[in-house]
Structures are given as C-alpha cells and as structure tokens.
Amino acid sequence: MEPDRPILLWLRRDLRLQDNPALAAAVATGRSVIPVFIRPGKHEIGGASTWWRDQSLAALARDLKAKGSRLILRTGPAEKVLPALAAETAATALAFNQTLEPGQIATDQAVMRVLGAHRVEIIERRGNRLHDPWLVKTKAGGPFKVFTPFWRTLSADYRPPARHNAPKAIHVPKRWPKSEYLADWQVTAKWASGFGEEWTPGEAGAAARLNRLLRTAKDYPAERNRPDHEGTSRLSPHLAWGEISVHEIWRRLDKKLGKDALPFLRQLGWRDFNSHLLYHFPKLPTEPWSAKFARFPFQRDAKGLRAWQRGLTGYPIVDAGMRQLWTTGWMHNRVRMIVASFLVKDQLIDWRKGEAWFRDTLVDADLAQNAANWQWVAGSGADAAPYFRVFNPIGQSRRFDPDGAYIRRWVPELATLDGRAIHAPWEADVTVKGYPAPILDHAEARERALAAYEKIK
Ligand SMILES: Cc1cc2nc3c(=O)[nH]c(=O)nc-3n(C[C@H](O)[C@H](O)[C@H](O)COP(=O)(O)OP(=O)(O)OC[C@H]3O[C@@H](n4cnc5c(N)ncnc54)[C@H](O)[C@@H]3O)c2cc1C
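Residues numbered from 1 in each chain as written. Predicted model: local features only at pLDDT ≥ 70, side-chain atom pairs only at ≥ 80, totals over all residues.

> I'd like a description of the overall build of the protein, backed by residues and values.
Counting its secondary structure elements, the protein contains 19 helices and five strands. Projected onto the principal axes, the alpha-carbon positions of the protein cover approximately 85 × 50 × 45 Å. Here the analysis covers contacts within the protein between residues at least 6 apart in sequence; of these, 78% occur between residues at least 24 apart. (Helix = DSSP H or I, 4+ residues; strand = E, 2+ residues; numbered from the N terminus. Contact = placed C-beta atoms within 7 Å.)

> Please give an account of the site of the ligand that cites residues and values.
Taken together, 27 residues are adjacent to the ligand, and Thr232, Ser233, Gln267, Asn370 and Asn373 come closest. Within the residue set of the shell around the ligand, elements represented by two or more residues are helix H9 (236-240), helix H11 (262-280), helix H14 (333-346) and helix H16 (367-378). Here the shell around the ligand is built from residues that sort into twelve nonpolar, nine polar and six charged. Looking at which domains feed residues into the shell around the ligand, each of domain 2 (130-160 + 203-280) and domain 3 (291-454) gives three or more. (Near = placed C-beta within 6 Å. Nonpolar A, V, L, I, M, F, W, Y, C, P; charged D, E, K, R; others polar. Domains from an automatic or database assignment.)

> I'd like a description of the domain arrangement of the protein, backed by residues and values.
Segmentation of the protein into domains returns domain 1 (7-127), domain 2 (130-160 + 203-280) and domain 3 (291-454). Taken over C-alpha atoms, the centre of domain 2 sits 26 Å from the centre of domain 3. On the domain 3 side, the residues contacting the 17 residues of domain 2 number 21 residues. Every element with two or more residues in the side of domain 2 that touches domain 3 is listed here: H9 and H11. Sort the elements by how many residues they give to the side of domain 2 that touches domain 3 and H11 lands first, with five residues. Along the lines of polarity and charge, the residues of the side of domain 2 that touches domain 3 split into seven nonpolar, five polar and five charged.

> I'd like a rundown of helix H10 (residues 246-257), residues and numbers included.
Here H10 spans 16 Å end to end across twelve residues, near enough to the 16 Å set by a 1.5 Å rise per residue. Looking at H10, one finds that the buried residues are Val246, His247, Ile249 and Leu253. For H10, the angular spread of the buried residues around the axis is 155°, confining them to a single face. Against the buried residues of H10 lie helix H7 (203-216), H9 and H11. Looking one or two places after H10, you find Gly258, whose phi comes out positive at around 55°. (Expected span 1.5 Å × (residues − 1). Buried ≥ 20, exposed ≤ 12 C-beta atoms within 10 Å, placed from the backbone. Arc of directions from axis to C-beta.)

> Quick one: what's the story with the sheet that holds strand E1 (residues 7-11), residue by residue and with numbers?
Each strand in a sheet pairs with another by means of backbone hydrogen bonds, the pair being arranged parallel or else antiparallel. In space, the five strands of this open sheet follow the order E3-E2-E1-E4-E5, with parallel pairing throughout. Here the strands that pair on one side only, and so sit at the sheet edges, are strand E3 (72-75) and strand E5 (121-125). Strand-to-strand twist of the sheet, defined as the mean angle between neighbouring strand axes without regard to direction, takes the value 25°. Looking at chain direction, strand E4 (residues 93-97) and E5 are connected through five bridges and run parallel. Among the inter-strand pairings, Ala95 is bridged to a residue of E5, identified as Ile123. (Pairing = 2+ DSSP bridges. Axes fitted to C-alpha atoms, helices over the stretch in contact; angles between N-to-C directions.)

> Just give me the short version of unusual backbone geometry, but keep the residues and values in it.
Its identity is not glycine, yet Asp19 carries a phi of approximately 55°, on the positive side. Of the residues examined, Asp19 has 23 C-beta atoms within 10 Å and is grouped as buried. Its identity is not glycine, yet Arg234 carries a phi of approximately 55°, on the positive side. Tracing the backbone shows Arg234 in the loop between helix H8 (220-223) and H9.

> Provide a residue-level description of the nonpolar core, including the pertinent values.
Core analysis: the biggest nonpolar cluster contains 108 residues, and Leu8, Leu9, Val36, Leu82 and Leu94 have the highest contact counts within it. For Leu8, the residues in contact, after removing those within four places along its chain, are Ile34, Val36, Leu82, Leu85, Ala86, Ala91 and Leu94. (Core = buried A, V, L, I, M, F, W, Y, C linked by C-beta atoms within 7 Å.)

> Please give an account of the pairing of E3 that cites residues and values.
Consecutive side chains of a regular strand alternate in pointing toward one face of the sheet and then the other. Two strands pair when backbone bridges link them, and strand E2 (residues 33-39) and E3 are joined in this way by four bridges, in the parallel orientation. Within E3, the position partnered with Val36 by the bridge is Ile72. You can see the chain leave E2, run along helix H2 (residues 47-66) and come back into E3, and the turn it takes is right-handed. (Right-handed = clockwise from strand over helix to strand, strands pointing away.)

Written out as structure tokens, the structure is:
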C-alpha cells in the first residue's frame, strides 16, 4: 500500500474554501490534506478580532466537515508548531497563501527555513490582494507613494485570475493529528457579546454581503458617505479574515456593472495601496511616514482619551461613531475620519493611541489599513490629507447625517432632539439630561492644532 504523504494546509487570513489558491494547489496534488490554523499566543490580536476569528473558525470547521475534512487547531510559534506537526503526520509538503505584514514575513521565512531543512516541499501562493508590491512600480522603479498613479497602474494591468472553485472533496489523511478545542479558545469579552446580532462571520456570511452589494452597488457613489444609510458593503471584516476572495468581488461586480463598478473597485485599490505602503515601509504602524511629524507636540490627556473612547465628548457625531464601534465592532468610514480627526487635531492626542484603540475594538482591524488610514487623517502619511484640513465635526454631521438619524440611533439621550438641534445641542440652547457638554470648543481647538503644526513645518 502507498504510504500516506499528507500536505499541511496552513490557513491564516484566508478562512475560505472558494477561490483559495493554496487550498486548490494542495487538493490538485491528489494527496491528503491536513488543514491547520495556528494562533501564536492567546492575546496577539485585539478583542474584537478574537471574537471574529473564533466565530469564523467555527464556520470554517463546519464547511470542512461538510467536505469530509477537519480543521486542526494549535497554539504556539508557527516555526515550532509546523515542523512538529509535519513530523507527527509524516507530511512532506506545506501549502499556504502569503501574508505581507512585517512580523508575518519574518515568521514565514523562519517556517520555510526550518521545513526546508527537513525536506518539506513549500507551496506558496499570493495572498488575498490584487497585486504584488514588488511588481507594481513607478516609472523610476520604486514603490508608489501616491494613490492615484498607483491605482492607474494597477487597474490598467489587473485581470482577475481564473477562479479556483471550492473543491468537491478533500482527501483525508489515514490518521488525523490531535487538535485543540475551539471552545477552549472562545473567551468572548463581555463587550463583544452583542456582535453576533450585527455579523455572520464565515464564508456564507461574506457571500451574503457580496450578494447584497451586487444589488446595491450602482448607488454606491451616492450612498457611500451616508452613515445613516446602509450604503457600503460591510465586507471589511470578511476581507480582513479572507473569507471572500478579492478577485471574486472584482469578477462579480465587473460582470454585473462594468464601468459602473469602478467607484467600488477603487476602494479595493486603497486596500491594496495601504498594503503596498506597509510592505515598503514596515514602520508604518509605529512611526510617522513624514519624518517631520516625529516632532509634533501631541499632548498627554488620559481623561480626554477616555471621553473619546467612551463616546462622551459632547460632540454627537463623534460620540455616535465611538458607540457604534463599541457596540458592533465596526464604524462607518466617514465617521472613522471624523472621530480620528477629532482625536488627533481637536484633542491633540497622538494618532497611535487611536490606532491602538481601533486595533482592539474593530472587527475589521488590519495592521496596514488601520495604520495607513490613521496616518492619512493625521496628515503624516503617504498621500495624506493636508494637515490644515481639520474636519469640522458639526459641519460634517449636518452634511452626512442630515436628519440626525445616525446620531439618534447611537446616542439615545439625544433621540428627542429635532434635526436642527441634534448636531450641536448647545448651539440651540438645549441641555440634555445625561449627555455631557462639549469637552472642547472646536473653533479654538482648530486654531491650537494649526499653531502646533506651525512648530514642525
Ligand atoms: C482612522 C481609520 C481607520 C481604519 N481602519 C481600518 C482597518 O483597521 N481595517 C479596514 O479594513 N479598514 C479600515 N479603515 C478603512 C475603512 O473605514 C473601512 O475599510 C470601511 O469603513 C469598511 O467598511 P465597508 O466594508 O462597508 O467599506 P466599503 O465602502 O464597502 O468598501 C469596500 C472595501 O474597500 C476597502 N476600503 C474602503 N475604504 C477603505 C479605506 N479608506 N482604506 C482601505 N481600504 C478601504 C475595504 O476593504 C472595504 O471593505 C479605516 C479608516 C479610517 C479613517
């Protein structure tokens, strides 16, 4: 009888069966496949991400079971867990999709070194992105630092690759290795316990969001900035965990809408651009892209930071956003920009404090997207908003939540206010019981921010 020569399929942020290049490559060999997910430690990702991951793994385990397969769970450094698992199962190959975060690149290299030394074949495929950052280059041969030319270059060359359909069956090994129990991993923080009302983590949940998007995407340009409407796809946490292929989104939208799909596809371009930036500038999450911002006079303000985190700044649109984040693990993009500008410019608090809070509380938390967007708002990033563009929280609120429906939903203390008073109750001389007065005056804060900027110009 032929000896079993299984392939380890190392799953990470690619928790799907459909259009998964590493899975397809492993299945195509005709050998048995052992899907494995490794968590490096107990607390290496934020609380909201942990909630999502564990729900998503449960969904993936069910989907694998339906194909007769299993999901093996292990804890520890991948460069130790994978060689041990290979030895235990007599696996002779490892298949995985690349990731590009700096820490993960180092891990991948360590894994390949150790397994290579044991003559384990490596099957590596591109991760869930449109481009390879080392292939898309400026005319001078360097990395892009500005989005528009990056997008022009990428979208001109990009053609979605042929789809890898989910395998009909996955060969199983003669003996399964032991797995940890997902129930032992699942310790949902109390604040995350309501997320399930909003989200369905897993491939089926992602497919449902895509189907909804296909019906609504023609209105995306008009609707995408309205937090009071459900005008965006809410695909971000599914993309963060690779429950849907970015190429599949492209193919389906392009087929249905042709050129009209471009405003949405451009947003996927931003996602790739931010990964491009992180790949070429690994310090993006911790250091300002623009060096002069290292001298920026940020202030220590623990009380102000707490008010912002809790949605108690007295600025209704800011508080609505921060409470939507706390309750659902997600916030509308327009409101993310408003709350980030408020923290960094009105409160003069270091953007890294906001980045850390988002990283812990967002279900779509992603190192590249989070850091690049925070630096964009702070004015210190590549192709960032100019520093002097200080969002006016009241003007933004009136413009993008005109009737105050979004505020009313997330700040129930203000629910009885009319559409005029709700954006700035103090201007209409309305005091609301239980809702704080503004913690600062925006006009004064704006002047203070511009003066601080003058110091580093
Ligand atoms: C301060 C700040 C922090 C952010 N942190 C994150 C983060 O940690 N993870 C994350 O995925 N997004 C982050 N974003 C980007 C953006 O807010 C979210 O991707 C978007 O709100 C997700 O909702 P959606 O899926 O409905 O978006 P849609 O409008 O439906 O867009 C479709 C997809 O395009 C991508 N996309 C859209 N806008 C952006 C953007 N500005 N930058 C990069 N990709 C984008 C996302 O993958 C998104 O799912 C951040 C934005 C700001 C201003």
